[in-house]
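Residues per chain, in single letters:
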Amino acid sequence: MQVGERDPITGRSTTGHEWNGITELLTPVPRVVLFFLALFSLFAVGYWLLMPAFPLGSTYTKGLLGNDQRKIVAEQLKAADAERAIWMDKIGASDFAAINADPELMRRVQESGRTLFIDNCAACHGVSGTGGPGFPDLTVKTWLWGGEPETVAETIRVGINSSNADTRVSQMLAFGRDGVLNGTQIADVVAYVQSLSGHAHSEAVSPERIAAGKAVFTANCVSCHGEDAKGLRAQGAPNLADVIWINGGTAADIYSSVYSGRQGHMPHWADRLTPAQIKLLALYIGQLEKPQ
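On a predicted model such as this, the values are computed, not experimentally measured, just so you know.

Quick look at the packing of helix H4 (residues 103-120) against helix H11 (residues 275-287)
Running from N to C, H4 and H11 point in directions that differ by 95°, and their axes come no closer than 8 Å. Here H11 runs roughly perpendicular to H4, going by the angle between their axes. Where H4 approaches H11, its residues Met106, Val109, Gln110, Ser112, Gly113, Arg114, Leu116 and Phe117 are matched on the opposing element by Gln277, Leu280, Leu281, Leu283, Tyr284, Ile285 and Gln287. Split by residue class, the contact of H4 with H11 holds 9 nonpolar, 5 polar and 1 charged.

Quick look at the nonpolar core
Grouped together as the largest cluster of nonpolar side chains are 30 residues, with contacts concentrated most on Val109, Phe117, Ile156, Leu281 and Ile285. Counting only elements with at least two residues in this core, the list comes to helix H2 (69-93), helix H3 (96-100), H4, helix H6 (149-158) and H11. A per-element tally of this core places H11 first, with 8 residues. Aside from chain neighbours lying at most four places away, what touches Ile156 is Met266, Pro267, His268, Trp269, Ala270, Ile278, Leu281, Ala282 and Ile285. In this structure, Phe175, Val216, Phe217 and Leu240 belong to the second largest nonpolar core, which totals 14 residues.

Digging into the pattern of salt bridges
A full pass over the atoms with the stated rule returns 11 salt bridges. Lys90 serves as the salt-bridge partner of Asp102, at 3.9 Å between the closest nitrogen and oxygen. Here Asp102, found in the loop between H3 and H4, pairs with Lys90, found in helix H2; they are 12 residues apart in sequence, far enough to count as distant. On the accessibility criterion, Lys90 (41% relative accessible area) is partly exposed.

Considerations on unusual backbone geometry
Working note: non-glycine residues mostly have negative phi, and peptide bonds are mostly trans. Of note, the phi angle at Lys141 is positive, near 60°, even though the residue is not glycine. For Lys141, the location among the structural elements is in the loop between helix H5 (122-125) and H6.

Looking at the layout of surface pockets
Taken as a whole, the second largest pocket spans an internal volume of roughly 280 Å³. As for the second largest pocket, its lining consists of 21 residues, and the residues nearest its centre are Thr142, Trp143, Leu144, Pro238 and Ile244.

Some thoughts on the packing of H6 against H11
It is the contact of H6 with H11, at a shortest axis distance of 8 Å, that shows an interaxial angle of 125°. In terms of orientation, H6 lies oblique with respect to H11. Crossing geometry of H6 relative to H11 is assigned as right-handed. Side by side, H6 and H11 meet where Pro149, Val152, Ala153, Ile156 and Arg157 of the first sit next to Ile278, Leu281, Ala282, Leu283 and Ile285 of the second. For the contact of H6 with H11, a count of residues per class yields 9 nonpolar, no polar and 1 charged.

Reading the values: the criteria
Residues numbered from 1 in each chain as written. Predicted model: local features only at pLDDT ≥ 70, side-chain atom pairs only at ≥ 80, totals over all residues. Heavy atoms only, no water. Axes fitted to C-alpha atoms, helices over the stretch in contact; angles between N-to-C directions. Helix = DSSP H or I, 4+ residues; strand = E, 2+ residues; numbered from the N terminus. Parallel < 35°, antiparallel > 145°, perpendicular 65-115°, else oblique. Contact = heavy atoms within 4.5 Å. Nonpolar A, V, L, I, M, F, W, Y, C, P; charged D, E, K, R; others polar. Core = buried A, V, L, I, M, F, W, Y, C linked by side-chain atoms within 4.5 Å. Buried < 20%, exposed > 50% of the residue type's maximum accessible area, 1.4 Å probe, protein only. Salt bridge = Lys/Arg side-chain N within 4 Å of Asp/Glu carboxyl O. 1 Å grid on protein atoms, 1.4 Å probe; cavity = no way out; pocket = protein on both sides within 12 Å on 5 of 7 lines; lining within 4 Å. Points joined across faces, edges and corners; volume = space filled by probe spheres on them. Left-handed = near helix turned anticlockwise from the far one by under 90°.

Structure below.
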């Protein structure tokens, strides 16, 4: 068929294109398509004129309506900061008992404390505060320095073995590496410590060996962990008579701790968080519970 010829079936003109006997009809673009194309083109031009839309080097068109989303967000943040300052000032000015007795403030603690915790503490202690190898589980309430909110706030403020002048200082000696105890003595005291916490031994341990381990413990460990091995908070020494272990409770883990020593580290937050934020964070940590 030639251009302008009509298709005998439909009666429409053809384009003159043919493929294997199939002829292309000259079909115009539907008017509804042209209508919406024109409509949205007008909308695009109108939006460009009315709203901030087009980059101009280091700036952009501001729009006839002056609707600046950046300015709106800045104003919203300013309003939120002003609203937050009201209850943050109350937290900063109140003692821990008064805050605990105020349901509205404690609701704020729960909401904002979680954000503070995730932003600053979750990298070590986990999002839920359950810790991990080398990092204490804050949900089980076995505190090295004490779990009162005032004490927790002070730990957050100064850190542990940190660069703060008032940092809490705690270190376990390397009894094996420094030659204080020999291998047999370390193995004996490991057996004794495991017997205190109720851990099952991988092999039968005689009462004589546990007694020998107790003698080693009494001579070398009670100054930090106490005669009952339940730890001394003044030294930040952990309780060895429970089933909670920061660095693992197997014989190999305990042997490694006794042989090589331990020195935990927690950064201080006095330079990053305000006193009110530290107080809020301490209260939030006190509310943490073990995930079900």
